[in-house]
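In case you want the letters, here they are:
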Amino acid sequence: MAADAKAAARERIESARERLLELSHRIHAEPELGMEEEKACAWLSDELSGSGFAVERGVGGLDTAFSARSGPGPFRVVVCAEYDALPEIGHACGHNIIAAMSVGAGLGLAAVADDVGVEVTVLGTPAEESSGGKIILLEQGAFDGAHAAMMVHPTPFDVAQMPIIAVNQLNVRYFGKEAHASAFPELGVNAADAMVVAQTAIGLLRQHLRPTDRVHGIVTHGGDAPNVVPSRTQGTWLVRAHDLGELAEAEAKVMRCFEAGALATGARLEVTPEHPPYAEMHHDPALSSLYRANAEALGRSFLDLGNDERTAGSTDMGNVSLAVSSIHPSIGIDSLPAANHQPEFTAQCVTPVADKALLDGAIAMAWTVIDAVADDQLRERLMAAKRPTG
C-alpha cells in the first residue's frame, strides 16, 4: 500500500513540474519583504485552490498568511511554506524554492490522502526573516490538531537535521541632545557615541561568550548632519545561543553593554524586541530518519554535521517544533562557494540544480508522511502527543 501511494504521490508532483517551477521562478523574480508578500501569497493560494484545496486567506490575522487543506485524516500534517525575501538581495535564502516545494508536497499528499488516511495543510507562513509569522500563527491556533509539521530549506548541501539555534532580535535606540558640534559641543549629549561604546563593549564581551553564542547587528540611523551632535541613534541587533535558556543568559550580558553606552554618555536607552524569541529546533528523530532515507532513494547525499553548530542559523520553525513533532532538513543546491544570504546564492535559486532540489524535496516530504502513517508505532506516537491549543 505504501509503495503504491508513494508512486502515486510522485506521479502527481511530477505532473505539476512545470507549474511548480514557474511558481518558484515567478516568486524569485518579484521578491517581497515580510508581511508584504501579497503577490506570492496570492499565487500560492490560487495554485492550491485550483488544485482542489480548501483555501483560507488571512489566517491568524495576517494578511499574507493562508491555510490550504485537503484530505479526510485522521493523521494531520502541516507543510510550511515560506516566501518572504531579504532587503536588497532578494531570495538569498531560497524561500521561492521552499514555497513551491511545499505546494508540491501538498499536491502529492492530496493525491493519496483518501488511501492513506491523511489530512494535509499547506500553511503559508510570512515573515520568517523578520517578524516570526509562524509564532503568530502558532499562537492563533493554526497548528492546532496537527500531528506533524515539516518544511525543507535550501542550503549549499543536504543535512537531515539542520543546526538551528535560538535568537532574539532587539531594536536599540539612544536619545541624546542636539548641539553645534564645533561651537557648543558641551551642550550636547551624543547618542552616536553611546552606540559606539555599546559596540566596543560587545566586541570585548565576545571573549567571554560560549562558542555557540552569536551577537551581530547594524546601525540603522547614526545622526542627521556632521555638524550637529546626534540626538538619536538606532540599530538592530541579534543575540543567538544554543537554546532559549542560554539565550536569556547571553542576552543579559549584551544588555549590560547597551546600558554601558547610556551610562557613559548620559543618553537615554530604549530596547524593544522585534518579535518573541525564535526557539532552537527540535527535529523529530524518526521523521528525520524517514526523510533522509527517502531523499537518499532519490539519489541525494547527506553531510553529517553531528553537533557542529558553526553553520547554525535560526528560524521560527523552532517554536513550532516545541509544540508539534517537526523536521526542518536542508536540501543542497550546489551553490558553493556561495552560501545563504549572499547575492550569489540568490542567483543559484533559479538554476536547474535548484529546480531539481525543489522536486526532490517535495517528493521526499510526501514520501516521509506516507511512511510515517504506514508505521503503526510511529503513527500512534505522533497522534498521541499533546497538541498545542490556541
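Before reading on, note that the structure itself is shown above.
This structure is a prediction, so every number in the text was calculated from the model and none was measured.

### Some thoughts on the layout of surface pockets
Reasoning step 1: As a volume, the largest pocket reaches approximately 1,200 Å³.
Reasoning step 2: Around the largest pocket sit 41 residues that line it, and Leu86, Glu129, Leu238, Arg240 and His341 are the ones nearest its centre.
Reasoning step 3: For the lining of the largest pocket, the secondary structure elements donating two or more residues are β6 (153-155), β7 (166-175), β8 (214-221) and β9 (232-241).

### Considerations on helix α8 (residues 285-297)
Reasoning step 1: Along its 13 residues, α8 runs 18 Å from first to last C-alpha, staying within 8% of the 18 Å computed at 1.5 Å per residue.
Reasoning step 2: The set of residues buried in α8 consists of Leu287, Ser288, Tyr291, Asn294 and Ala295. Looking straight down α8, one finds that the buried residues subtend no more than 135° of arc, so they occupy a single side. Within α8, the exposed residues directed more than 90 degrees away from the buried face are Pro285 and Ala297.
Reasoning step 3: In the core, the buried residues of α8 are packed alongside α1 (2-15), β5 (148-150), β11 (326-327), β12 (330-332), α11 (352-374) and α12 (376-384).
Reasoning step 4: Two or three places before alanine 286, at the start of α8, stands the capping residue aspartate 284, its side-chain oxygen 3.2 Å from that residue's backbone nitrogen.
Reasoning step 5: Once α8 finishes, glycine 299 follows within two positions and takes phi at roughly 100°, a positive value.

### Side note on the packing of α1 against helix α4 (residues 95-116)
Reasoning step 1: Contact pair α1 / α4: the axes reach a minimum separation of 8 Å and the direction vectors enclose 145°. The crossing of α1 and α4 is right-handed. Here Ala5, Ala8, Ala9, Arg12 and Ile13 of α1 come into contact with α4, specifically with Gly104, Ala105, Leu107, Gly108, Ala111, Val112 and Val116.
Reasoning step 2: Broken down by class, the residue content of the contact of α1 with α4 amounts to nine nonpolar, two polar and one charged.

### So, the side chain of serine 24
Reasoning step 1: Along the polypeptide, serine 24 turns up in helix α2 (residues 17-29).
Reasoning step 2: Those residues in contact with serine 24 that sit more than four places away from it in its chain are Asn96, Ile97, Ala100, Cys349 and Leu358.

### Re the nonpolar core
Reasoning step 1: The biggest cluster of nonpolar side chains holds 64 residues, and the ones touching the most others in it are Val77 and Tyr291.
Reasoning step 2: Ranked by residues supplied to this core, first place goes to α11 with 14 residues.
Reasoning step 3: Excluding its chain neighbours within four sequence positions, the residues that come into contact with valine 77 are Leu109, Val118, Glu119, Val120, Thr121, Ala148, Met150 and Val369.
Reasoning step 4: Tyr174, Ile202, Leu209 and Val215 belong to the second largest nonpolar core, which has 22 residues in total.

### Overview of the environment of aspartate 376
Reasoning step 1: Its place among the elements puts aspartate 376 in helix α12.
Reasoning step 2: A relative accessible area of 46% places aspartate 376 in the partly exposed class.
Reasoning step 3: A distance of 3.0 Å separates polar atoms of two side chains, one belonging to aspartate 376 and the other to arginine 379.

Rules of the game
Residues numbered from 1 in each chain as written. Predicted model: local features only at pLDDT ≥ 70, side-chain atom pairs only at ≥ 80, totals over all residues. Heavy atoms only, no water. 1 Å grid on protein atoms, 1.4 Å probe; cavity = no way out; pocket = protein on both sides within 12 Å on 5 of 7 lines; lining within 4 Å. Points joined across faces, edges and corners; volume = space filled by probe spheres on them. Helix = DSSP H or I, 4+ residues; strand = E, 2+ residues; numbered from the N terminus. Expected span 1.5 Å × (residues − 1). Buried < 20%, exposed > 50% of the residue type's maximum accessible area, 1.4 Å probe, protein only. Arc of directions from axis to C-beta. Contact = heavy atoms within 4.5 Å. Polar contact = N/O pair within 3.5 Å; in protein donor to acceptor, adjacent residues only side chain to side chain. Axes fitted to C-alpha atoms, helices over the stretch in contact; angles between N-to-C directions. Left-handed = near helix turned anticlockwise from the far one by under 90°. Nonpolar A, V, L, I, M, F, W, Y, C, P; charged D, E, K, R; others polar. Core = buried A, V, L, I, M, F, W, Y, C linked by side-chain atoms within 4.5 Å.

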